[in-house]
Amino acid sequence: THVALVDKHTEDFQEPPAPAYVKFSGEGNSLGGSSSAAAAAPVQADAGSISIDDSKPKTKIQIRFHDGSRKAQEFNEDHTVGDLRSFVQQCVGGQAMTIMGGFPPKPLTDDSATIKAAGLMGAAITARPA
């Protein structure tokens, strides 16, 4: 192999021209589903209320709403999934909501199951418009 070198040590250094930068001018698309659902149901996390019996065992459930906001709420172990759903619906102004829990997340459809029986003790659930 042969390498050819050009001797330029006697020349003054010249900065190479800056690369031509073209700003992105396209449009983006959200991959997270429809953004109209978030606009349709504003979340007021303080709007929900549920009565807690301090003499019974309690647990906290982390609720993640469709708009990204979160709320940690205390429930009694014998509250039902239906109680949790109605609490979430109060937070979004009465709109019907789907509750996803567990891993992998699956819809919680049995509103008569207790929070303990549904495996939601200390869990994080996701709520989104039905």
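Read on for an overview of the structure. Keep in mind that this is a model prediction, so the values were computed, not measured.

**Points about the pairing of strand β2 (residues 70–76)**
Phase 1: Pairing geometry for strand β1 (residues 58–65) and β2, over seven bridges, is antiparallel. Looking at the pairing, arginine 64 lines up with arginine 70 of β2.
Phase 2: Once β1 ends, the chain turns through four residues before running back antiparallel as β2, passing glycine 68 with a positive phi of about 95°.

**What about the nonpolar core?**
Phase 1: By size, the foremost hydrophobic cluster in this structure holds 20 residues, and its most contacted members are Ile61, Ile63, Phe65, Leu84, Val88, Leu120 and Ile125.
Phase 2: If you list the elements that add at least two residues to this core, you get β1, α2 (81–91), β3 (97–101) and β5 (124–129).
Phase 3: At five residues, α2 tops the list of elements feeding residues into this core.
Phase 4: When residues no more than four places from it in sequence are discounted, the contact partners of leucine 84 are Ile61, Ile63, Phe75, Ile99, Leu120 and Ile125.

Each value, and the rule that gives it
- Residues numbered from 1 in each chain as written.
- Predicted model: local features only at pLDDT ≥ 70, side-chain atom pairs only at ≥ 80, totals over all residues.
- Heavy atoms only, no water.
- Pairing = 2+ DSSP bridges.
- Helix = DSSP H or I, 4+ residues; strand = E, 2+ residues; numbered from the N terminus.
- Core = buried A, V, L, I, M, F, W, Y, C linked by side-chain atoms within 4.5 Å.
- Buried < 20%, exposed > 50% of the residue type's maximum accessible area, 1.4 Å probe, protein only.
- Contact = heavy atoms within 4.5 Å.

The values reported here are purely geometric and, on their own, carry no functional implication.
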